[in-house]
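Each chain, letter by letter, is given below.
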Amino acid sequence: HLDISKSCHKYCQLFVSNNKIILMKKIFVCIVLFVYNCAFSQYKYVLEGKLQNSTISKMIYLEIRDNYSLKEYIKKDSCVIKNGLFRFSGELNKKSEVAKLYFTDEDAFRFVMDKGLNVISLGEVIDTSKSYFSNTKRPVSFSNEMYSKQDSLYKIYFDKYATDVKTYTIEKPHEIKMVKMLNNYEMGVELRKRQLEIVKDYPNSFYSLIFLYQSLHHNPYVRSPSVLFEIFKDLDYTIKNDLLGVEFYKICNEILIAEKESKPEQKVPNFTIKTDKGEMFTNTSLLGKPYIIAFSATWCAPCKLMEPKLKLLFDNYKSKGLEVVYFNFDGDDKKWKEHISKNNFNWINVSDGLKPDFSPISKQFNVRGIPHYLVVDRKGTIIYNSNVPMDSNFLMLEKNVIKAIE
């Protein structure tokens, strides 16, 4: 009887304990769902629109860009205009997101969709050959006020510097179109610099954070985001602590640390990586030797153009101790090894089997584009980084190789 009582008691304890665990799990799941819901689903929007000509009845489309993906526009919706009126509603991932309305791909209007009610009025179209959005004003908000100022600047630069560029889609690679684009690098950098000056005037607008986040993927900020970081620090506290703000801070911080540690006059960061022969290589083994770190990939056309020059440098100076550590971002060992064999690369060939965005060594050296070269002297000090200052044609590479072998 005593044994049975003890067994029952233990069973009851176990039952209660298991129920507590199940209850805790349910509570945890509820909390996670609640946080997720708050973070991603609380920003409901309504877009109400009106055409001056109430007799027009046609389909109008809405697309909204997701701020994390940086893809052009990914959320699609449509409705029919009736009596000159149309209405869209849904949820945003963020308090504000860039959106566009359009009738055709060639006739589109971009604006900032904020949470809550957004009202847009399309101007009267007298000449039907022109855009339905010719006289359209964006919804009234600080976000759209800033967007309009930036857009006006863009149009000025576009009218002056845009050129015809061949474009195609991945889905239809053979359908090449000529499209006017602002393809002037210097003018593109100057334009974004002036647009960032506008951002400074809107520290309370969530779109300011969106624009800063997007700018992280544009030159020169992709390699050196200190200007963006300074603007970010002045944003409203709640905006900075949004998930997008936290992500921006994290990326900025990683780039700034890597930028500092890979600058000329800094000791080269240590790394260990696999060679094409399956051995492990560490750059500390090259202390006392001058060497080039070359970041490349088999799919990179500019890298292939630089390979003959790099081989010539290696052949000319290897008798004086020069080494080349040729880092490949491919994600495909077979292609990498075939490329080595085909081109007779008899230097140190290494790869972590990852593409640039996923490689920790890519982040460690702040590699934001390839080809990318560093020269390290006998003391293990970086004396050349093709990013600092930008040497896009690598004109200073040989000069620094000569300096390193002295």
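For the structure, see preceding data.
Residues numbered from 1 in each chain as written. Predicted model: local features only at pLDDT ≥ 70, side-chain atom pairs only at ≥ 80, totals over all residues. Heavy atoms only, no water.

Engineer: Whenever I open this one, a positive patch on the surface confuses me. Can you help?
Structural biologist: Together, Lys-304, Lys-335, Lys-342 and Lys-355 line one region of the surface with positive charge. When you line up the elements, Lys-355 lands in the loop between β14 (348-351) and α10 (360-364). (Patch = residues over 30% accessible without salt bridge, like charges linked within 9 Å, V, L, I, M, F, W, Y side chains within 5 Å. Areas by Shrake-Rupley, 256 points an atom, 1.4 Å probe, with all protein chains shown as cover. Salt bridge = Lys/Arg side-chain N within 4 Å of Asp/Glu carboxyl O. Lys, Arg positive; Asp, Glu negative; His and termini not counted. Charge placed at Lys NZ, Arg CZ, Asp CG, Glu CD. Helix = DSSP H or I, 4+ residues; strand = E, 2+ residues; numbered from the N terminus.)

Engineer: Sorry, what's going on with the pairing of strand β5 (residues 96-104) here?
Structural biologist: Among the nine residues that make up β5, eight are buried, leaving the element largely enclosed by the rest of the structure. Relative to β5, strand β2 (residues 59-64) runs antiparallel, the two sharing four bridges. Within β5, the residue paired with Ile-64 across the bridge is Ala-99. When β5 meets strand β6 (residues 107-114), the two strands line up antiparallel, connected through eight bridges. Across the sheet, Ser-96 pairs through a bridge with Asp-114, a residue of β6. Between β5 and β6, which pair antiparallel one after the other, the connecting turn spans two residues. (Buried < 20%, exposed > 50% of the residue type's maximum accessible area, 1.4 Å probe, protein only. Pairing = 2+ DSSP bridges.)

Engineer: Looking at this structure, how should I read unusual backbone geometry?
Structural biologist: Cis geometry is found at the peptide bond from Asn-219 to Pro-220, where omega equals 0 degrees. Residues Ile-370 and Pro-371 are joined by a peptide bond in cis, for which omega reads 0 degrees. Inspection of the secondary structure assignment puts Pro-371 in the loop between α10 and β15 (372-376). Of note in the backbone geometry, Glu-265 takes a positive phi value of approximately 80 degrees without being a glycine. Here Glu-265 is to be found in the loop between α7 (243-261) and β10 (272-275). For Glu-265, a relative accessible area of 73% puts it in the exposed group. The phi angle at Asn-366 is positive, at roughly 55 degrees, despite the residue not being glycine. One can find Asn-366 in the loop between α10 and β15. We classify Asn-366 as buried; its relative accessible area is 4%.

Engineer: How do you make sense of the state of the cysteines when you look at a structure like this?
Structural biologist: Note on terminology: a disulfide is the covalent bond linking the sulfur atoms of two cysteines. Scanning the entire structure with this criterion turns up one disulfide. Across the disulfide, Cys-300 is cross-linked to Cys-303 (sulfur-sulfur distance 2.3 Å). Across the disulfide from Cys-300 to Cys-303, rotation about the S-S bond amounts to roughly 80 degrees, and the bridge is consequently right-handed. The burial state of Cys-300 is the same as that of Cys-303; both residues are buried. (Disulfide = S-S within 2.5 Å.)

Engineer: Would you explain the nonpolar core in this entry?
Structural biologist: For soluble globular proteins, the rule of thumb is that nonpolar side chains tend to be buried together. By size, the foremost hydrophobic cluster in this structure holds 34 residues, and its most contacted members are Leu-196, Tyr-207, Leu-209, Leu-212, Leu-216 and Phe-248. Of all the elements in the fold, those that place two or more residues in this core are α2 (142-161), α3 (185-199), α4 (206-215), α5 (226-233) and α7. Looking at this core, the element that brings in the most residues is α4, giving seven residues. If we skip the residues at most four places from it in the chain, Leu-209 touches Phe-232, Leu-235, Ile-239, Leu-244, Gly-245 and Phe-248. (Core = buried A, V, L, I, M, F, W, Y, C linked by side-chain atoms within 4.5 Å. Contact = heavy atoms within 4.5 Å.)

Engineer: Please explain the packing of aromatic side chains as it appears in this structure.
Structural biologist: In this description, an aromatic ring pair is defined by two values, namely the gap between the centres and the angle between the planes. For the structure shown, the criterion picks out 24 aromatic pairs. On the numbers, 5.9 Å between centres and 45 degrees between planes, the contact of Tyr-157 with Tyr-161 is tilted. With Tyr-157 and Tyr-161 both in helix α2 and four residues apart, this pair spans about one turn of that helix. Assessed through its relative accessible area of 4%, Tyr-157 is described here as buried. Judged by its relative accessible area of 28%, Tyr-161 falls in the partly exposed class. Between Phe-327 and Phe-329, the aromatic rings sit 4.7 Å apart at their centres with planes inclined by 50 degrees, giving tilted as the arrangement. For Phe-327, a relative accessible area of 1% puts it in the buried group. Residue classification places Phe-329 among the buried positions, given a relative accessible area of 0%. Cluster of aromatic residues (ring-pair linked, three or more members): Phe-271, Phe-281, Phe-295, Phe-327, Phe-329 and Phe-365. One residue, Lys-100, lies across the ring of Tyr-102, its end atom 5.3 Å from the ring centre. (Phe/Tyr/Trp six-rings, centres within 6.5 Å; stacked < 30°, edge-to-face > 60°. Lys NZ or Arg CZ within 6 Å of the ring centre and 35° of its normal.)

Engineer: What is the right way to read the packing of α2 against α4 from this model?
Structural biologist: Packed helix pairs are characterised by how far apart their axes lie and by the angle those axes make with each other. Closest axis-to-axis distance for the α2/α4 pair is 8 Å, and the angle between their directions is 40 degrees. Classified by the angle between their axes, α2 and α4 sit oblique to one another. Contact residues: α2 offers Ser-143, Met-146, Tyr-147 and Gln-150, while α4 offers Tyr-207, Ser-208 and Phe-211. Classifying every residue of the contact of α2 with α4 gives four nonpolar, three polar and no charged. (Axes fitted to C-alpha atoms, helices over the stretch in contact; angles between N-to-C directions. Parallel < 35°, antiparallel > 145°, perpendicular 65-115°, else oblique. Nonpolar A, V, L, I, M, F, W, Y, C, P; charged D, E, K, R; others polar.)

Engineer: Looking at this model, I keep getting lost on the pattern of salt bridges. Mind explaining?
Structural biologist: Two side chains of opposite charge can pair, provided their charged atoms sit close to one another. Going through the model one piece at a time under the given rule, you end up with 14 salt bridges. Residue Glu-91 pairs with Lys-44 through a salt bridge whose shortest N-O separation is 2.7 Å. Of this pair, Glu-91 sits in strand β4 (residues 85-92) while Lys-44 sits in strand β1 (residues 43-51), and the two are 47 residues apart along the sequence. The exposure class of Glu-91 is partly exposed, given its relative accessible area of 36%. Accessibility expressed as a relative area gives 54% for Lys-44, which makes it exposed.

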